[in-house]
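Structural overview
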Amino acid sequence: MLQLNKPSSEFNRAIGDAEDPSPQTLSTLVGMVRRQLPTILTIILSCLIVALLYLFTAAPRYSSTASIVIDTRKVQLFQSQSAFGDVAVDSATVETQVEILKSENISLTVIRDLHLIDDPEFAGGNGGLLGAIIGSISGLFSGSHVASEYELTRGALQRFASNRTVKRVGLSYVMEIGFTSHDPQKAARIANAIADAYIVDQLEAKYQATRRASVWLQDRIRELRTQASTAQRAVVDFKTANNIVDTGKGLMNQQQLTEVNTQLISAHTATAEAKARLDRMNDMLKQEIPDASVADALRNETIVKLRGQYVDMASKEAIWSAKYGSDHLAAVNLRKQMAEIKRNITDELKRIQESYKSDYDIALTREDAIKSSLNSLVSESQLTNQAQIQLRELESNAQSYQAMYDNFLQRYMESVQQQSFPITEARVISAATTPLVKSSPKTLIVLAAALLGGLILSLGAAIARELTDKVFRTAGQVEASLGANCIAILPALGDEAGQSTLSGKFSKKDLQPNLLRYVVENPLSRFAEAVRSLKVAVDLNSIVRENRVLAITSTLPDEGKSTLSTNLAQLMAHGGSRVILVDSDLRNPSLSRSLVPDAKCGLVDVVAQKVRLEDALIVDPETRLSVLPAGVTSKLLHTNEILASKAMRDLVALLRSKFDYVVLDMPPMAPVVDVRVTASYVDSYVYVIEWAKTNIDVIMHNLRGAPVIQEKLLGVVLNKADINVLARYESHYGRYDKYYGRYGYTD
């Protein structure tokens, strides 16, 4: 079978492709927008209309903003006066203050001060026409219930919170308080009231905190005073019990121990000196006469004088002994005097020796006494040191209690002073003013949002329509889904067109077109040109093999197969060919009723050999088209047996020999099986599908159930197409209008 207009890769990627319906490329998306443009424009326009209705019905709202700053310098200035030692303001502190501003305590204070419970805006009304409608609808469901004061307060609080905004400005210590209301003056008044309520709340919180701190500190100070006094008494009692005396420069026994130790050192030195003098004196007594250095060291005038005399006499004795001899009386007398002086010196030295010995004994006794005293003090000091460990613990406790007592006493004095001048770190730096321009609804933003929302919704609806569009609208869809050529797309000619018999008389109004003779009466129309394309496909297919018996069928009734059969036969006959049109729809011979309603015999009679073929034929006088009606078929039960009979095959063979073209108007495939039995004598089938109506799944199911017909399928014709809509699916159809209009073609 010759295949024309093979499906291209672009068609395979089309939106209507049954295997891949989702858009893949930019061109596919553009095509989808072009096809669904009315839907897109309708949805966008609807969204804009809704936005305009909202703008006209919604009550205007005004926003006013007040600014508060947390003064960190004030915090540092009064930080020392705080009973709790305020910490420095950081980011977390500012965020905490933001949450305090959003608290119910502040909101309830403003609601109470401004009597917002009695305000209709906070009592349930939303303002504007839209608010009145919503209020009326909610009133229908709420009934006649009278709200209590608590319910009114909670409702006002909820609306108050929804209209209030509190935020921190960047990373600064500034907080913005905004409020939105239908009344601009009310918005400014409430924003300022929130700021004032926050500052008053901070002052009250600090006052309450300092007052509670003062009460707590008083109790704590009394407790600490008692504990400090008890600890100090314990220290005094312990010192008394352990004979610990503190002179201000240390413990008394420690000072005594130091002094006795010093005395012991002095006594030991004195004893050593006395012993040294005694030992020296003993050495001197061993000499006959002390030398000059010893005499000078003793500093004794008697010894010095006696020694001087002794030295003089010894000098004289030496001189006289040398001069007069050693036995001279003068020398002997001198020696006697010298012996006497020596005895006197020895006696004086012994006397000094006794004195030194006495001094040594005294020094030794004193040293022993000091040693004994030192040993006693050391024993006492050891006991005192052991007791002092416990004493230091008692003194540490006493000092701790005393320090705590002094600290809390100072804090108490500070808290008492702070109660007289409470401060807050926050202050208003910009009061809220009456706004001049409404904050909502913003016309441009609402319209832009409506446009964007409409665009998104319309694209979603367009995609949904594309994905759920299970009908054929383009040739590409047919070729991609069925694997068959789409030979032609026939435009819709109108549902109430007139019909005429072969005599040329209209059965309806003469001004209406005749569907069965449209190609003859309108040869330059788009419809006639589409039928010509079908004839060209038939002729081209004849090059490959014989293609003279042509059967036209469809999936369901009323898809226009009979109209196409008649017009195709009329076109072929009008061109000079010998053509016969056979009404083979024995179940519903609508073609026979339309063309030859008065026919007495037809196909059934010829097949049954009741009449001759020439007697059953009716010829159109204008186009010379031969028509073989179905005949009387009302009592036929097995029409498929008739169409599959040998007599029918013989008849078709006869028609093949007498005519150039044999056009069989077959019944639809879905309701009956008649078409399937004709494959033995039909050369080609033309499958008519109603444009944008017949379901693809039904078509594919019927073709899969008739593989013989599918093998001989010449192509598919899309019928009853809306050309204006089709131009959105295949833009080249729209461009043909200029050609038809320029060269006299009409529809």
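The structure this text deals with has already been given above.
It should be emphasised that the depicted structure is a prediction, and the values quoted were computed from it without experimental measurement.

1. Some words on the overall build of the protein chain
- Scanning the protein chain from terminus to terminus reveals 28 helices and 12 strands.
- By sequence separation, contacts in the protein chain at least 24 residues apart represent 80% of the contacts at least 6 residues apart.
- Counting only carbon and sulfur atoms, one obtains 56% of the accessible surface of the protein chain, whose full area is about 40100 Å².

2. Points about the pattern of salt bridges
- Taken as a whole and judged by the stated rule, the model has 29 salt bridges.
- Among the salt bridges present, the one from Arg220 reaches Glu223, with a minimum N-O distance of 3.2 Å. Residue Arg220 and its partner Glu223 are both found in helix H10 (residues 184–241); the two are separated by three residues, about one turn of the helix.
- It is possible to trace a salt-bridge network through shared partners that takes in Glu546, Arg548, Arg656 and Asp683.

3. Some words on the nonpolar core
- Core analysis: the biggest nonpolar cluster contains 54 residues, and Leu482, Leu628, Leu651 and Leu664 have the highest contact counts within it.
- Among all residues touching Leu651, those that are not within four sequence positions of it are Leu603, Val606, Val607, Leu613 and Leu628.
- Counting residues in hydrophobic clusters, the runner-up holds 34 residues, among them Ala488, Leu534, Val663 and Val686.

4. Some thoughts on the sheet that holds strand E11 (residues 684–690)
- Judged by pairing direction, the sheet is mixed, and its eight strands sit side by side in the order E5-E12-E11-E6-E10-E7-E9-E8 without closing on themselves. Only two strands of the sheet have a single neighbouring strand rather than two, namely strand E5 (486–491) and strand E8 (618–619).

5. Section: the environment of Leu52
- Along the chain, Leu52 falls in helix H3 (residues 37–57).
- In this structure the C-alpha to C-alpha distance between Leu52 and Ala450, which are 398 residues apart in sequence, comes to 9.2 Å.

6. Re the packing of helix H2 (residues 26–35) against H3
- Taken N-terminus to C-terminus, the directions of H2 and H3 make an angle of 70 degrees; their axes are 4 Å apart at the nearest point. Judged by the inter-axis angle, H2 sits roughly perpendicular to H3. In this structure, H2 uses Val33, Arg34 and Arg35 to contact H3, whose residues at the interface are Leu37, Pro38 and Ile40.
- Among the residues forming the contact of H2 with H3, the class breakdown is four nonpolar, no polar and two charged.

7. Brief notes about the side chain of Ser554
- Relative to the elements of secondary structure, Ser554 occurs in strand E6 (residues 549–554).
- Judged by its relative accessible area of 0%, Ser554 falls in the buried class.
- Polar contacts involving the side chain of Ser554 include one to the main-chain carbonyl oxygen of Leu556, which spans 2.9 Å.
- In contact with Ser554, other than residues within four places in its own chain, are Glu559, Lys561, Pro668, Met669, Tyr687 and Val688.

8. A closer look at the pairing of E6
- Most of E6 sits out of view: six of its six residues are buried.
- Alternating residues of E6 divide into Val549, Ala551 and Thr553 and Leu550, Ile552 and Ser554, and every residue in both groups is buried.
- By the bridge criterion, four bridges tie E6 to strand E10 (residues 661–665) in an arrangement that is parallel. By the bridge assignment for E10, Leu550 is matched with Val663.
- Here E6 pairs with E11 via five bridges, running parallel. Across the sheet, Ser554 pairs through a bridge with Val688, a residue of E11.

9. Observations regarding helix H18 (residues 526–541)
- Under the 1.5 Å per step criterion, the end-to-end length of H18 is 23 Å for 16 residues, consistent within 8% with the ideal 22 Å.
- Residues Arg526, Phe527, Ala528, Ala530, Val531, Leu534, Ala537, Val538 and Asn541 constitute the buried set of H18.

10. Details of the environment of Val169
- Secondary-structure assignment places Val169 in the loop between strand E2 (164–168) and strand E3 (174–181).
- With 100 residues separating them in the primary sequence, Val169 and Val69 have C-alpha atoms 9.9 Å apart.
- Leave out the neighbours within four places in its chain, and Val169 touches Val174 and Glu176.

11. What to know about the sheet that holds E2
- With respect to topology, four strands assemble into an open sheet ordered E2-E3-E1-E4, the strand pairing being antiparallel. Looking at strand neighbours, the two that pair on one side only are E2 and strand E4 (426–430), the edges of this open sheet. For this sheet, the mean inter-axis angle between neighbouring strands, taken without regard to orientation, is 30 degrees.
- The sheet contact formed by strand E1 (residues 62–70) and E4 spans four bridges and is antiparallel. Residue pairing for E4: Ser67 is matched across the bridge by Ser430.

12. Let's talk about helix H19 (residues 561–574)
- With 14 residues, H19 extends 20 Å from end C-alpha to end C-alpha; this agrees with the ideal 20 Å at 1.5 Å per step.
- With 12 of 14 residues buried, H19 is to be regarded as a mostly interior element.
- Regarding H19, the residues found buried are Lys561, Ser562, Leu564, Ser565, Thr566, Asn567, Leu568, Ala569, Gln570, Leu571, Met572 and Ala573.

Conventions used here
- Residues numbered from 1 in each chain as written.
- Predicted model: local features only at pLDDT ≥ 70, side-chain atom pairs only at ≥ 80, totals over all residues.
- Heavy atoms only, no water.
- Helix = DSSP H or I, 4+ residues; strand = E, 2+ residues; numbered from the N terminus.
- Contact = heavy atoms within 4.5 Å.
- Areas by Shrake-Rupley, 256 points an atom, 1.4 Å probe, with all protein chains shown as cover.
- Salt bridge = Lys/Arg side-chain N within 4 Å of Asp/Glu carboxyl O.
- Core = buried A, V, L, I, M, F, W, Y, C linked by side-chain atoms within 4.5 Å.
- Buried < 20%, exposed > 50% of the residue type's maximum accessible area, 1.4 Å probe, protein only.
- Pairing = 2+ DSSP bridges.
- Axes fitted to C-alpha atoms, helices over the stretch in contact; angles between N-to-C directions.
- Parallel < 35°, antiparallel > 145°, perpendicular 65-115°, else oblique.
- Nonpolar A, V, L, I, M, F, W, Y, C, P; charged D, E, K, R; others polar.
- Polar contact = N/O pair within 3.5 Å; in protein donor to acceptor, adjacent residues only side chain to side chain.
- Expected span 1.5 Å × (residues − 1).

So, to be careful, I would describe these as geometric facts and stop short of saying anything about function.
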